[in-house]
Amino acid sequence: PASESVMAAASEADTIRRLEELVARLYRFRDAYFETHGVEHAARKPQDVAEEMESTLKELEGAEGCTKHKAPYLMLKGKVLNVRADYSPQAEEALSRAVKLDPGLVEAWNQLGEVYWKKGDIATARTCFSGALNHCRNKVSLRHLSMVLRQLSCQDPEERARNVANSITHAKEAVQMDVQDGTSWYILGNAYLSLFFSSGQSPRISQQALSAYARAEKADTTAACNPDLHFNRATLYKYEESYQEALEGFSRASLLDPAWPEPKLREQQLMDFLERLTGHLQNKGKVKGKKLQSMLGSLQPSLLGPCGDGRYQDPSGHKVVLQQRPLSALKPGVNTGVVVLGRVVFSLTTEEKIPFTFGLVDVEGSCFAVMVYNMVETWGVLIGDSVAIPEPHLKQHQIHREKVRSPTAPQNLPHSALPNILLC
């Protein structure tokens, strides 16, 4: 009878709603893990999530009153199996069946795209997220598409630039759909981070990324426990020469995900770099006294080149008469109308090659570190070269090692590690 059919349909709908809440509870357990567990339990999180997944799966499979070959049930089963960070063939099977039975099931497309992402099939993941958007504009598909576009391998620099630009467009749209969603802000921060590294390290773009990360933490308490957010932001801080914040970010990411080796490695590399840089600055690159005197004694105004004969033009194209000043006279920030001259006494390379770092000593014997960005690949300096820096940007640093709580950190950095750094 029709009444029995209606009652059965209502009963099944109620069951699906109950199962949806069950699955939502599983994801809350994963995403808000550190709201109920201390960070010291971080190493246990993957196992705890796996156990919660198995428990949820048993309840799901034991549910009465729903048809288990229908799309909503298969979507929920696939979502449960997809809660872990690694690829699940069973999740792929369940979700593939779900979208075949109901091609308009947007959440199933999003989950299936995630599965293919984990599998390493980026192109198919993109197809899933684009397909979901064809059915309904939604923030989850937009966020995932933003990530996928940045992961697509392409040889053409122009295509790569278009992908990053479209990635930002999708992330912005996701934010506009729900400005209180911390995950959307985090994805937007990552999109700006990609643009920062692919378009010449613009300070404006780095500030947009940092602002998006800050909004993510403000909008969503779970964002503060996202190791990827801390790691990505620390990477940006490193290039900004905000070394204290970078070290703390890498350390925090490592604490939140102890099984992830990259944060520990990056923290150690940065500490090693700072330690070596500090030693070179203190020892003026180990250049012997007589040789250093000879190098500095031959520093003449004629070595200033265009910076000393009135031909220098500032970034806006205006000619500027520069006054030569010693390194000790520089003030923090951009020193407008000033030029410094010195000899190279050391250079340092890092794994990323950016920035190019060398030590500069002037006639007074002051030794500053110089960081050079956006240089052509063929440019470089040798020990003994003379270098003139127009309108130098000075940064002064203090590294408080006690704030960096990590067993990987070396303990012999002085309290004030980097006195002076010039940015070019």
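To start, this report covers the structure provided alongside it. (Residues numbered from 1 in each chain as written. Predicted model: local features only at pLDDT ≥ 70, side-chain atom pairs only at ≥ 80, totals over all residues. Heavy atoms only, no water.)

**Focus on the overall build of the protein chain**
Inference 1: On a plain count of helices and strands, the protein chain comes out with 15 helices and eight strands.
Inference 2: Expected size for 424 residues packed as a compact globule is a radius of gyration near 22 Å; at 28 Å, the protein chain overshoots this value by more than 25%.
Inference 3: Its C-alpha atoms give the protein chain principal-axis dimensions of roughly 105 × 45 × 35 Å.
Inference 4: When burial is assessed residue by residue, the protein chain has 48% of its 424 residues classed as buried.
Inference 5: The contacts in the protein chain between residues at least 6 apart in sequence include a share of 62% that link residues at least 24 apart.
Inference 6: Carbon and sulfur atoms make up 52% of the accessible area of the protein chain, which totals about 21100 Å².
Inference 7: Computed over 49 positive and 50 negative side-chain charges, the inter-centroid distance for the protein chain is 5 Å. (Helix = DSSP H or I, 4+ residues; strand = E, 2+ residues; numbered from the N terminus. Rg over C-alpha atoms; globule rule 2.2 N^0.38 Å. Buried < 20%, exposed > 50% of the residue type's maximum accessible area, 1.4 Å probe, protein only. Contact = heavy atoms within 4.5 Å. Areas by Shrake-Rupley, 256 points an atom, 1.4 Å probe, with all protein chains shown as cover. Lys, Arg positive; Asp, Glu negative; His and termini not counted. Charge placed at Lys NZ, Arg CZ, Asp CG, Glu CD.)

**Points about the pattern of salt bridges**
Inference 1: Tallying each qualifying case throughout the model produces 17 salt bridges.
Inference 2: Between Asp181 and Arg143 there is a salt bridge, and its shortest N-O distance comes to 3.1 Å. Residue Asp181 is found in the loop between α9 (157-177) and α10 (182-198), and its partner Arg143 is found in helix α8 (residues 139-151); the two are separated by 38 residues along the sequence. Side by side, Asp181 and Arg143 carry an identical accessibility label, which is buried.
Inference 3: One salt bridge in this structure joins Arg311 and Asp309, with 2.7 Å as the shortest N-O distance.
Inference 4: Put simply, Lys139, Arg143, Asp178 and Asp181 are held in one network by salt bridges that share partners. (Salt bridge = Lys/Arg side-chain N within 4 Å of Asp/Glu carboxyl O.)

**Describing the packing of aromatic side chains**
Inference 1: What the rule picks out here adds up to nine aromatic pairs.
Inference 2: Ring geometry for Tyr33 and Phe34: centres 5.3 Å apart, planes at 90°, overall edge-to-face. Per residue, the accessibility class of Tyr33 equals that of Phe34, and both read buried.
Inference 3: Each ring, one from Phe196 and one from Phe197, has its centre 5.0 Å from the other, and the planes form 75°; the classification is edge-to-face.
Inference 4: When its relative accessible area of 1% is taken as the criterion, Phe196 is described as buried.
Inference 5: A relative accessible area of 30% means that Phe197 is categorised as partly exposed.
Inference 6: Taken together, the ring pairs in this structure connect Phe29, Tyr33 and Phe34 into an aromatic cluster. (Phe/Tyr/Trp six-rings, centres within 6.5 Å; stacked < 30°, edge-to-face > 60°.)

**So, the nonpolar core**
Inference 1: Counting 42 residues, the largest nonpolar core has Leu19, Met75, Leu76, Val80 and Leu112 as the members making the most contacts within it.
Inference 2: Listed by contribution, the elements that provide at least two residues to this core are α1 (2-31), α3 (45-61), α4 (71-81), α5 (89-101), α6 (106-119), α7 (122-135) and α8.
Inference 3: In terms of residue count, the dominant contributor to this core is α4 (seven residues).
Inference 4: Among residues more than four places away in sequence, those in contact with Leu76 are Ile16, Leu19, Glu20, Val23 and Leu60.
Inference 5: One finds Phe231, Phe250, Ala253 and Phe346 within the second-largest nonpolar core, a separate group that totals 34 residues. (Core = buried A, V, L, I, M, F, W, Y, C linked by side-chain atoms within 4.5 Å.)

**Things to note about helix α14 (residues 261-283)**
Inference 1: End to end, α14 covers 33 Å across 23 residues, agreeing with the expected 33 Å (1.5 Å per residue, within 8%).
Inference 2: Pro263, Glu267, Gln269, Leu270, Met271, Phe273, Leu274, Leu277, Thr278 and Leu281 are the residues of α14 that are buried.
Inference 3: Each element contacted by the buried residues of α14 is listed here: α12 (227-239), α13 (243-256), β3 (338-348), β4 (356-361) and β5 (367-372). (Expected span 1.5 Å × (residues − 1).)

Everything listed here is a matter of geometry and, on its own, says nothing about what the molecule does.
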